[in-house]
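Observations on the model geometry
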Amino acid sequence: MSTQTSQTIQFPYKRTLGPVIGRFFSELTALRIVGIRCGDRVVVPPMEYDPQTGEQLAEHYVEVGPAGTVVSWTWVPEPGPHHPLDRPFAYALVKLDGADTNLLHVLDTGGEDTVSTGMRVAPRWRAEPVGRIDDIEAFVPGETPEGPTAGEPADVRTMEFFSTITYTDVLSPTLERYAASMRAGVITGQRCPRCDRVFLGRGYCSVDALRLGPEHEEALPDHGVVSNYTIVTPTPYPGQKETEPFARASVVLHGDEMVVSQQQIIGVPVADIRVGMRVKAQWFPEAERNAAEISSKGWGTVAGFIEGWVPTGEPDEPAEQFMDRVF
Amino acid sequence: MAHEPVAVVGIGQTKHKKRRDDLSIAGLVREAAQRALDDARLTWTDIDAVVIGKAPDIFEGVMKPELYLADALGGAGKPVFRVHTAGSVGGSTAIVASHLVSSRVHTRVLAVAWEKQSEGNAQFGLGGGKSGSIGAGGAFAPWIRAYIRKSGAPEHIGWQIAVKDRQNALRNPYAHLHLKDISVEKVRESPMMWDPLHFLESCPSSDGAGAIVLTDKAGGLAAAADGRPPAWVLGTSMRSEPSSFNGRDPIRPQAGVDCAWDVYRQAGITDPRREIDVAELYVPFSWYEPMWLEGHDLAPVGEGWKMVDRGETAFDGSFPVNPSGGVLSSNPIGASGMLRFLEAALQVRGAAGEHQVDGARVALAQAYGAAAQYFAMWAVGSEPPSG
Ligand SMILES: [Zn+2]
């Protein structure tokens with residue numbers, strides 16, 4: 001049985017369009033499609049630089065279309081969640097009237113048997129254009145655009161959007177064993193037979209490049225020493241929940257085995273965190289432990305299994321022994 | 001077979017700003033590249049190959065930007081490829097380009113590195129889009145604490161460097177930050193962002209690009225004969241080490257030591273502190289100046305901060321560091337390494353204008369990245385390499 005983990009992250013972007021692409025999107029808000037003169041050709045969408053010579057193009061815009069001719073196409077019978085339409089459609093290369101290049105866009109015809117190379121199409125505009133390529137919802141058969149009547153163009157200089165990525169990982173055998181052990185409340189590391197260093201869920205020694213297998217595994221203590229830390233003053237960004245200064249600490253497991261980095265120290269004010277402080281793991285209740293944070297792109301993380309580290313109250317260890325153990 | 005000597009004959013950079021909202025990404029790289037071509041008195045058709053460097057794609061959300069930028073960099077029909085070594089990438093890009101010339105694969109190569117940080121959010125991106133991201137400052141702050149504690153350096157050293165680099169930036173019209181009234185007091189009293197680092201001890205987020213044109217010995221000599229002295233590449237090196245293992249020295253990473261000595265050996269340098277006239281070191285957080293002085297054997301271990309305290313790394317000091325204003329004054333991440341490399345070249349060409357260090361004949365440039373694990377360095381000189 002293999003274990004899959006899945007994570008979705010979402011990023012906000014603000015694209016600066018520059019003068020040429022900005023002009024193209026601005027024109028779309030007035031239901032106009034423009035290209036740019038490039039030698040004796042008209043390139044659509046307009047480009048800033050001649051794709052053949054690399055020369056900067058003068059901003060000589062040419063209105064094209066709105067109707068055009070399908071040059072080539074491919075049918076999408078089962079649209080997925082990321083496709084522009086929720087029903088079967090075609091991606092088509094459309095040569096707009098007056099253009100010398102093909103525009104890749106969406107063709108909404110109702111059925112595959114109604115699409116043909118050479119067919120005439122026109123844009124169906126979004127009800128309220130905002131200055132994006134999907135202001136043209138799709139091209140439809142015929143000569144006449146569909147949609148609202150044109151208003152004044154907006155001055156579009158940036159485009160804001162979210163990018164979402166979902167990662168699905170199939171865990172390696174090493175990480176599978178690591179996750180199972182963590183679910184049972186035991187941190188398991190692998191000791192390199194050559195250098196005697198211990199690694200968490202890595203499957204190899206970073207120093208000797210030796211493969212580490214089940215035969216090298218051993219249970220590690222779930223207590224250790226704060227080797228270093230930082231207190232971060234949070235800056236606002238999308239998704240940031242922290243509002244007060246927060247600490248992230250590195251913890252060297254007892255016996256100098258391994259550093260667990262970017263950990264929360266629980267139960268004390270951040271100002272009380274010290275290098276050399278003795279701490280022990282506070283595990284999540286067994287039913288709540290999960291492997292979602294483990295990924296094949298990194299090595300063993302304790303996130304999802306250990307909530308943080310609680311000071312034990314024992315006397316500190318000497319700071320100098322630990323403070324350069326951070327990652 | 002001996003390597004072909006490599007000459008930097010063109011240098012260009014953008015005006016670095018918090019947000020270059022006048023330019024697309026393509027327009028940004030173009031601004032730097034066009035300036036480098038103009039400086040080299042070459043045209044787009046003279047270039048044989050283009051090397052592009054930048055940091056993670058997630059910073060601007062354009063995957064494989066080298067494909068999208070081929071048009072803007074005159075890449076049609078030419079080899080175009082991309083280098084990615086985290087924060088050191090701008091340096092690695094220059095080095096890869098230099099190798100294309102030194103190996104005689106190409107005669108004239110354009111190297112461009114860039115970042116448009118305003119399109120995304122570095123702290124957000126570095127944290128994987130999750131709350132509680134510590135960002136680069138949070139990652140390096142513990143090592144800085146370890147350096148301060150181990151070396152016994154007084155805390156004003158960091159503030160002093162923050163002031164020095166910002167004052168140097170006032171001489172550099174391309175620098176992002178021009179903080180005319182910067183002072184030690186202002187740095188000390190600025191908010192504590194990543195304990196023990198204050199806000200004003202940290203680099204800004206910038207939009208910007210840097211570009212260089214490299215060519216062979218004949219090209220370099222021709223430029224010199226034309227009254228445009230090139231910078232000659234005396235040595236290049238890249239080194240990496242794992243981010244994390246028991247026994248790693250994060251204050252003086254072995255990869256950085258090895259990288260520096262590889263460059264010194266190629267350049268015939270045996271006493272780097274005496275034989276190098278000026279250095280551009282990658283200092284995104286103030287305390288990395290003494291850490292790299294020690295990390296590259298420009299100062300004895302534990303004594304980098306003393307060089308700073310004595311004013312030796314000041315603009316008019318005996319070993320000026322970061323006359324451009326450094327990463328502390330402009331940080332378009334992917335370009336930041338390139339800016340160090342091109343500043344070193346500007347210095348030995350005698351073309352640095354207001355931030356020209358008198359008598360700079362040998363200059364060192366360094367960039368580092370990720371968990372201080374990737375290093376890229378070169379030494380450039382005003383004379384062609386001997387032999
Ligand atoms: Zn080993």
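Not measured: the values here are computed from a predicted model.

Cut-off values and rules
- Residues numbered from 1 in each chain as written.
- Chains lettered and ligands numbered in written order.
- Predicted model: local features only at pLDDT ≥ 70, side-chain atom pairs only at ≥ 80, totals over all residues.
- Heavy atoms only, no water.
- Core = buried A, V, L, I, M, F, W, Y, C linked by side-chain atoms within 4.5 Å.
- Buried < 20%, exposed > 50% of the residue type's maximum accessible area, 1.4 Å probe, protein only.
- Helix = DSSP H or I, 4+ residues; strand = E, 2+ residues; numbered from the N terminus.
- Contact = heavy atoms within 4.5 Å.
- Phe/Tyr/Trp six-rings, centres within 6.5 Å; stacked < 30°, edge-to-face > 60°.
- Lys NZ or Arg CZ within 6 Å of the ring centre and 35° of its normal.
- Expected span 1.5 Å × (residues − 1).
- Donors = N, O, S within 2.8 Å, 3.2 Å for Na, K, Ca; no water.
- Tetrahedral: all angles 85-135°; square planar, octahedral: opposite > 155°, others 65-115°.

1. Overview of the nonpolar core
Ranked by internal contacts, the top residues of the largest apolar core, which has 97 residues, are Ile187 and Trp309 of chain A together with Tyr288 and Leu293 of chain B. Here this core takes 7 residues from helix H5 (residues 135-151) of chain B, the largest share from any one element. Residues contacting Ile187 of chain A, with those up to four places away along its chain left out, are Ser181, Met182, Leu200, Glu218, Ala219, Leu220, Pro221, Asp222, Leu253, Trp283, Ile306 and Trp309 of chain A. The next biggest cluster of nonpolar side chains, apart from the first, holds 37 residues, and it includes Val83, Ala94, Ala111 and Val278 of chain B.

2. As for the packing of aromatic side chains
Under the definition given, this model contains 21 aromatic pairs over all chains. A centroid spacing of 5.2 Å and a plane angle of 85 degrees characterise the contact between Phe11 of chain A and Phe124 of chain B, whose relative ring orientation is edge-to-face. Remark: Phe124 of chain B occurs in helix H4 (residues 122-126) and Phe11 of chain A occurs in strand E1 (residues 4-16); the pair is interchain, linking two chains. Residue Phe11 of chain A shares its accessibility class with Phe124 of chain B, and that shared class is buried. Taking 5.5 Å as the distance between ring centres and 70 degrees as the angle between the ring planes, the aromatic pair formed by Tyr237 of chain A and Phe124 of chain B counts as edge-to-face. You can see Tyr237 of chain A sitting in the loop between strand E14 (223-232) and strand E15 (246-253) and its partner Phe124 of chain B sitting in helix H4, one on each of two chains. Phe124 of chain B shares its class with Tyr237 of chain A; the two are buried. Each member of the aromatic cluster is reached from another via a ring pair, and the members are Phe327 of chain A together with Phe140, Trp143, Trp194, Tyr282, Phe285, Tyr288, Trp292, Tyr368 and Phe375 of chain B. The ring of Trp114 of chain B carries the charged tip of Lys54 of chain B above its face, separated from the ring centre by 4.9 Å. Directly above the ring of Phe315 of chain B sits Arg171 of chain B, whose terminal nitrogen or CZ lies 3.8 Å from the centroid.

3. Thoughts on helix H6 (residues 156-169) of chain B
All names here are of chain B. Taking 1.5 Å as the rise per residue, H6 with 14 residues should run 20 Å; its terminal C-alpha atoms sit 20 Å apart, in good agreement. Summarising burial for H6: 11 of the 14 residues are buried, a large majority. Looking only at H6, the buried set comprises Ile157, Gly158, Trp159, Ile161, Ala162, Val163, Lys164, Asp165, Arg166, Asn168 and Ala169. Summarising the contacts, the buried residues of H6 are in contact with helix H7 (184-189), strand E6 (197-198), helix H11 (288-295), helix H12 (304-309) and helix H13 (326-329).

4. Some remarks on the coordination of the zinc ion
For a metal with four donors in a tetrahedral arrangement, the ideal angle between donors is 109.5 degrees, while six donors in an octahedron ideally sit at 90 or 180 degrees. Residues and elements named next belong to chain A. Listed as protein donors to the zinc ion are Cys192 (SG), Cys195 (SG), Cys205 (SG) and Asp208 (OD); their distances from the metal cover 1.9 to 2.3 Å. Here the zinc ion binds 4 donor atoms, and the angle range of 102 to 115 degrees at the metal identifies the geometry as tetrahedral. Mapped onto the polypeptide sequence, the residues donating to the zinc ion form the spacing pattern C-x2-C-x9-C-x2-D. Here Cys195, found in the loop between strand E11 (187-191) and strand E12 (198-200), pairs with Asp208, found in the loop between E12 and strand E13 (217-220); they are 13 residues apart in sequence, far enough to count as distant. Judged by relative accessible area, which is 23%, Cys195 ranks as partly exposed.

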